Amino acid sequence: MTMWDDFKKFAFKGNVVDLAVGVIIGAAFGKIVTAVVGDFIMPVVALLMPAGEWRDNGIVLRQGATPKDAVIIKYGDFLGSVLDFFIVSFVLFMIVSKIVKAAEGRLEGTEAPVTKECPFCLETVLIRAKRCKFCTADFPQAAVTFGSDQR
């Protein structure tokens, strides 16, 4: 195989395409969250701050000839980015936890039992056992039950 064929096989695998779609959707989702934070949450925070536009708040280390040349530690912009991160993290946590719970709910009923109960001594033994390791009784084919309480 040529390198081009190897690359095509790698690039068009399901995992790589899924990852690309996830990154693109994540970037779009990040823009939406940034807009929500900037347009809805930050105006409320700006009311509480003494300065109007709180993302522009910072500590001036050195004045420049123009405002663009000034050296400033922009703690307001940093705090806005941290708030964006926490909102995105919380929303992703809520979405992923719902997906995981739904998947667990579907898988819960499909698991095959791995143990059974001996009908004679009521001890739990492996499902493939033909004889109970506790009372050494042979399991009759009709008496093999899965987790039921037969006596």
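Preceding block: the structure.
Residues numbered from 1 in each chain as written. Predicted model: local features only at pLDDT ≥ 70, side-chain atom pairs only at ≥ 80, totals over all residues. Heavy atoms only, no water.

Observations regarding the environment of Lys 116
Phase 1: Here Lys 116 is to be found in strand β3 (residues 115–117).
Phase 2: Residue classification places Lys 116 among the buried positions, given a relative accessible area of 4%.
Phase 3: C-alpha separation for the pair Lys 116 and Leu 126, spaced ten residues apart in sequence, amounts to 6.1 Å.
Phase 4: At a separation of 3.2 Å, a polar atom in the side chain of Lys 116 contacts the main-chain carbonyl oxygen of Ile 127.
Phase 5: Looking at Lys 116, its side chain comes within polar contact range of the main-chain oxygen of Ala 129, at 2.8 Å. (Helix = DSSP H or I, 4+ residues; strand = E, 2+ residues; numbered from the N terminus. Buried < 20%, exposed > 50% of the residue type's maximum accessible area, 1.4 Å probe, protein only. Polar contact = N/O pair within 3.5 Å; in protein donor to acceptor, adjacent residues only side chain to side chain.)

Some remarks on the pattern of salt bridges
Phase 1: In total, this model carries one salt bridge according to the counting rule given.
Phase 2: Across the salt bridge formed by Asp 138 and Arg 131, the nearest N and O atoms sit 2.9 Å from each other.
Phase 3: Residue Asp 138 is classed as partly exposed on the basis of its relative accessible area, which comes to 46%. (Salt bridge = Lys/Arg side-chain N within 4 Å of Asp/Glu carboxyl O.)

Focus on the state of the cysteines
Phase 1: Applying the stated criterion to the full structure yields zero disulfides.
Phase 2: Summary of cysteine pairing: Cys 132 is not part of a disulfide, and the nearest cysteine sulfur, belonging to Cys 121, is at 3.5 Å. (Disulfide = S-S within 2.5 Å.)

Looking at the environment of Thr 115
Phase 1: On the secondary structure map, Thr 115 appears in strand β3.
Phase 2: For the pair Thr 115 and Val 125, spaced ten residues apart in the sequence, the C-alpha separation amounts to 5.5 Å.
Phase 3: Among all residues touching Thr 115, those that are not within four sequence positions of it are Thr 124, Val 125, Leu 126 and Ile 127. (Contact = heavy atoms within 4.5 Å.)

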